[in-house]
Structure formats: structure tokens, C-alpha cells
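Architecture at a glance
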Amino acid sequence: MKYDVKSLEPAAEGKRRIEWAEQDMPVLGLIRERFEKEKPLKGKRMSACLHVTAETANLVRTLKAGGAEIMLVASNPLSTQDDVAASLVRDYEIAVQAIRAEDKDTYYRHIREAIEFRPHLTMDDGADLVSTIHFEYADQASEILGSMEETTTGVIRLRAMAMDGALKIPVIAVNDAKTKNLFDNRYGTGQSTVDGIIRATDILLAGKHVVAAGYGWCGRGFASRCKGMGADVIITEVDPVKAIEAAMDGFRVMPMAEAARVGDLFCTLTGDINVIRREHFEVMKDGALIANSGHFNVEIDIETLKAMAKEHKPGVRRNVDGYVMPDGRTLYLLAEGRLINLAAAEGHPASVMDMSFSTQALMAEWVVQQGRLDIGVHSVPEAIEEWVASLKLQSMGIAIDELTEEQKAYLSSWEIGT
Ligand code: ADE
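These notes cover the structure that comes with them.

Right, let's talk about the pairing of strand E5 (residues 146-149) for a bit. Along E5, one buried face is formed by Gly146 and Met148 and the opposite face, lined by Ser147 and Glu149, is buried too. By the bridge criterion, four bridges tie strand E4 (residues 121-124) to E5 in an arrangement that is parallel. Its bridge partner lying in E5, Met123 is registered against Met148. Note on the crossover from E4 through helix H6 (residues 128-136) to E5: the handedness is right-handed. Relative to strand E6 (residues 170-173), E5 is paired through three bridges, and the arrangement is parallel. Pairing of Ser147 across the sheet is with Val171, part of E6. For the handedness criterion, the β-α-β arrangement of E5, helix H7 (residues 152-163) and E6 is classed as right-handed.

A word on the site of the ligand. Every residue close to the ligand is listed here: His51, Thr53, Glu55, Thr56, Leu342, Glu346, Gly347, His348, Met353 and Phe357. In the environment of the ligand, a nitrogen atom lies 2.7 Å from a nitrogen or oxygen atom belonging to the side chain of Thr53. Within the side chain of Glu55, one N or O atom sits 2.9 Å away from a nitrogen atom of the ligand. For the ligand, whose free accessible area comes to 260 Å², the fraction covered by protein is 96%. Breaking the shell around the ligand down by element, the ones donating at least two residues are helix H3 (54-65) and helix H15 (350-370). Residue composition of the shell around the ligand, by class: three nonpolar, five polar and two charged.

Our focus in this paragraph is the packing of helix H8 (residues 178-201) against helix H9 (residues 217-228). Running from amino to carboxyl end, H8 crosses H9 at an angle of 50 degrees, the nearest separation of the two axes being 7 Å. The orientation of H8 with respect to H9, classified from their angle, is oblique. The interaxial crossing formed by H8 with H9 has right-handed handedness. On the side of H8, the interface is formed by Asn181, Leu182, Asn185, Arg186, Tyr187, Thr189, Gly190, Gln191, Thr193, Val194 and Ile197, while H9 contributes Trp217, Cys218, Gly221, Phe222, Arg225 and Cys226. For the contact of H8 with H9, a count of residues per class yields eight nonpolar, seven polar and two charged.

As a further point, take unusual backbone geometry. In this model, Glu93 sits at a positive phi of 50 degrees, which is unusual for a non-glycine residue. You will see that Ala335, though not glycine, has its phi angle at about 50 degrees, which is positive. Position of Ala335 among the secondary structure elements: in the loop between strand E14 (330-334) and helix H14 (340-343).

This part takes up the environment of Val96. Relative to the elements of secondary structure, Val96 occurs in strand E3 (residues 95-97). Taking the relative accessible area as the measure of exposure, Val96 reaches 0% and is therefore buried. Residues Val96 and Pro326, spaced 230 residues apart in sequence, show a C-alpha to C-alpha distance of 45 Å. When residues no more than four places from it in sequence are discounted, the contact partners of Val96 are Lys2, Tyr3, Asp4, Val5, Val52, Leu72, Ala85, Leu88 and Val89.

The next point concerns helix H2 (residues 26-38). A turn of α-helix holds 3.6 residues, and therefore any two residues three or four places apart point the same way. For H2, built from 13 residues, the straight-helix expectation of 18 Å at 1.5 Å per residue is met to within 8% by its first-to-last C-alpha distance of 19 Å. For H2, the complete set of buried residues consists of Val27, Leu28, Gly29, Ile31, Arg32 and Phe35. Its buried side turned inward, H2 meets helix H1 (11-23), H3, H15 and helix H16 (382-395).

What follows is about the pattern of salt bridges. Per the stated rule, a full pass over the model turns up 24 salt bridges. Its salt-bridge partner being Arg16, residue Glu13 comes within 2.9 Å of it at the nearest N-O pair. With a gap of three residues between them, Glu13 and Arg16 both fall in helix H1, about one helical turn apart. With relative accessibility at 36%, the residue Glu13 sits in the partly exposed group. Note on Arg16: relative accessible area 52%, which makes it exposed. Between Arg17 and Glu346 there is a salt bridge, and its shortest N-O distance comes to 3.2 Å. Within this pair, whereas Arg17 is found in helix H1, its partner Glu346 is found in the loop between H14 and H15, the two being separated by 329 residues in sequence. Take Arg17: its relative accessible area is 18%, and that puts it in the buried class. Classification of Glu346 as partly exposed rests on a relative accessible area of 35%. Residues participating in the shared-partner salt-bridge network are Arg17, Asp83, Asp195, Arg199 and Glu346.

Conventions we followed
Residues numbered from 1 in each chain as written. Predicted model: local features only at pLDDT ≥ 70, side-chain atom pairs only at ≥ 80, totals over all residues. Heavy atoms only, no water. Buried < 20%, exposed > 50% of the residue type's maximum accessible area, 1.4 Å probe, protein only. Helix = DSSP H or I, 4+ residues; strand = E, 2+ residues; numbered from the N terminus. Pairing = 2+ DSSP bridges. Right-handed = clockwise from strand over helix to strand, strands pointing away. Near = heavy atom within 4 Å. Polar contact = N/O pair within 3.5 Å; in protein donor to acceptor, adjacent residues only side chain to side chain. Areas by Shrake-Rupley, 256 points an atom, 1.4 Å probe, with all protein chains shown as cover. Nonpolar A, V, L, I, M, F, W, Y, C, P; charged D, E, K, R; others polar. Axes fitted to C-alpha atoms, helices over the stretch in contact; angles between N-to-C directions. Parallel < 35°, antiparallel > 145°, perpendicular 65-115°, else oblique. Left-handed = near helix turned anticlockwise from the far one by under 90°. Contact = heavy atoms within 4.5 Å. Expected span 1.5 Å × (residues − 1). Salt bridge = Lys/Arg side-chain N within 4 Å of Asp/Glu carboxyl O.

Below you can see the structure in the form of C-alpha cells.
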């Protein structure tokens with residue numbers, strides 16, 4: 001088995017954390033039990049480019065239980081949990097190639113290893129694996145039955161490739177499943193972003209002016225958690241409908257140029273580039289904290305921040321770097337502008353990843369059942385979403401009503417009761 005992890009020494013701690021997460025992933029556990037018996041992925045090689053966390057460990061264990069041969073690599077250089085990587089190799093015999101804080105060359109070397117593993121199926125969190133296949137290994141594209149994409153950022157990129165006629169692989173927009181984005185993006189990102197910011201800075205959110213850039217599901221989750229903790233939350237948006245929603249949800253909405261003067265803490269959750277840039281750094285308050293929770297470290301114009309600074313104060317705390325502006329103000333960049341929830345905390349809690357990763361595991365099975373899909377961006381079938389949602393509800397001890405025969409007839413009729 002080919003692996004490249006920092007050290008196998010912390011494996012015992014990693015195993016404890018994987019087992020702790022497992023307790024909060026009951027739906028994935030049911031899938032694993034069934035996969036063990038039915039082996040729906042038997043004979044398939046799978047390369048997964050995901051954040052190497054305790055939750056991901058439980059996903060790849062499930063895929064292995066289903067008969068797949070797996071290689072796991074990081075989807076971000078700063079999100080790998082080295083103890084989990086060690087345990088996956090030592091205790092679960094899964095080929096992991098991921099080291100926290102690996103440099104760019106190592107990151108891409110690992111991705112290339114995952115491609116040279118010649119997968120039949122791939123999983124991506126941000127589309128780096130699929131992009132590298134298209135750029136450097138296009139001849140292998142026809143061997144891939146399907147690729148599951150976990151993030152909004154990745155799905156945007158894959159749709160752009162499909163629009164351009166450049167896409168060569170059938171992909172599944174797992175991110176777009178309701179069982180993923182309504183929970184993972186909203187409650188997962190909401191809580192874990194706050195967690196990352198607090199672990200990095202130890203600030204009190206109550207009374208702070210918090211600027212959230214973006215009011216998609218991630219932005220909503222973050223904004224509502226900050227509001228619940230007593231912050232004054234300001235939303236910046238480019239989409240007029242989302243901006244109205246933010247205003248009617250009780251937030252102040254304004255352009256970043258205005259918010260930049262007011263905020264104590266900024267967090268980008270947009271999926272776009274240079275959302276916070278020179279004109280904003282120029283007017284921010286002394287001591288402003290700047291974080292990103294989008295997938296890539298492109299949302300804050302870090303190069304310009306560095307170029308503007310007359311002095312760099314690295315590591316004023318773990319995951320906090322200071323940049324002293326020519327006029328003496330210091331702006332603090334958190335976790336090098338990388339996704340704060342995974343770089344400074346542990347990512348989304350297991351309970352929410354249970355739904356995302358159950359959807360992923362079932363989609364892997366579905367892709368194999370379908371044989372070769374058409375090239376394009378496919379949705380998660382509704383039946384799979386309903387199955388995941390029903391079992392999650394059951395695991396939470398919540399029962400719901402069922403439609404009566406009369407109600408079903410009413411909903412499918414255009415004659416009754418008008
Ligand atoms: N993305 C966000 N949180 C995550 C987690 N805990 N594990 C894997 N991927 C994630």
C-alpha cells in the first residue's frame with residue numbers, strides 16, 4: 001500500500017477521534033453495514049480528494065467496506081488531520097497521501113498519485129482532482145465512471161467546464177442535494193466557521209460588528225450563528241434577491257466599501273475572488289480580523305495585503321498573522337486566508353457530515369449501478385435524498401406524519417375542493 005503521511009505515531013489518537021465521530025454518523029453506519037454484506041463497489045478503484053478528517057475517515061471506511069480499493073489525498077493543504085491520516089493507514093489499511101501544511105508541490109504530487117492509481121470513481125472537494133485529470137491526464141478521463149463533487153465552488157467550476165464543452169467525465173453535483181447543502185453548508189459551515197474564528201482569536205462575538213460576505217447557505221449559517229451569539233451582523237451581497245432576504249432576516253446590508261469601515265471581524269463565504277481587496281484594506285479599522293470560509297484562499301486579496309504592509313508580524317497567535325499598514329493600523333489575517341473552519345478548527349461536526357457523506361456513499365453505489373453515465377453534471381436522485389433524510393430523522397428520534405389517502409388524492413387532483 002502506497003502512503004505518505006506525516007508520521008504513524010499519532011495513529012492511536014486518530015483512531016479515537018474516528019470512533020468518536022462514528023457515534024454521530026448513524027446513517028453512514030447503516031450504509032456501511034449493508035455495504036459489508038453486499039459489496040456494491042467490489043473491484044472498483046476510487047480516488048478521493050477530500051479534507052482528511054475524522055468524518056472523512058468514516059466515509060472511506062464505508063467505501064472500503066463496500067469493496068472499493070481507495071486512495072485518499074487532501075483537498076486542501078491546511079485541512080489534514082495528521083492523526084486521522086496515520087490511523088487510516090495503520091488501523092484501516094487505507095492508502096492516504098496527505099500531510100498537514102504540505103507545500104503546493106507535495107499537494108499536487110499527491111493528487112497525481114491519486115490519478116495514477118487509475119480510479120474508476122473519484123470524489124472531489126473543490127474539483128482539484130478532476131481539474132488535474134483534465135489538464136494533465138485527459139487520456140484517462142474515459143476510464144472514469146463518474147466523479148462526485150462535494151462543494152459549491154467545485155460545482156460552479158464543473159458547470160463552467162460543461163458549458164464550454166470541456167468536461168470529459170460524468171460528474172455528480174452532490175453539493176446541490178438538499179441533504180447536503182441545507183445542512184452541511186448552513187449548519188455545518190455556520191458552526192465550524194465560528195469555531196475556527198474563536199479558536200484562532202479567542203474573541204467574544206457579543207457586541208462585535210461582524211461582516212459576512214455572501215448570503216448563500218454558508219453565509220446564512222454563519223450570520224445566524226453570529227447573531228445568536230450577540231454580534232451585530234452586516235451582510236454584503238451582489239445578488240439582489242439574497243440581499244432582500246438578508247435584510248428581511250434582520251441583518252444590515254451594505255456594500256463592502258461601507259462595511260469595511262465598520263467591521264471588527266470579516267469573513268468571506270462567496271466562492272469568488274478578491275471580495276476583500278485594496279480599497280477595503282485601506283479603510284478598515286485598526287485591529288480588524290479578516291477570515292475566509294470559502295473553499296479556496298482567493299476571496300481575500302492576500303498578495304495585495306502583503307504588498308501594502310510595511311511590516312509583517314507572523315504568528316502573533318497560532319493561525320493569526322498581523323500586517324502593519326503604512327499609517328500604523330494592524331490588520332490580522334486568520335489562517336493565511338484558507339478556509340478557517342478546517343484550518344483553525346476541525347471542520348463541520350460529524351452529525352452534519354453524516355448526511356453529506358451518506359449521500360456521497362450512496363451516489364458511488366448509484367454510479368456503479370448506472371454503468372457509464374452521460375458526460376455532464378448530474379443531480380442526486382430524489383429517492384436517495386429522501387432515504388438519507390428519513391433515516392437521519394429516525395436517528396434523531398423524530399417521527400413525522402404521513403399523507404392520508406384522501407390527502408394524496410387531493411394533491412394529485414385539480415377537481416376537488418376548488
Ligand atoms: N468539510 C467541512 N467539514 C468537513 C469535515 N469535518 N470533514 C470533511 N470535509 C469537511
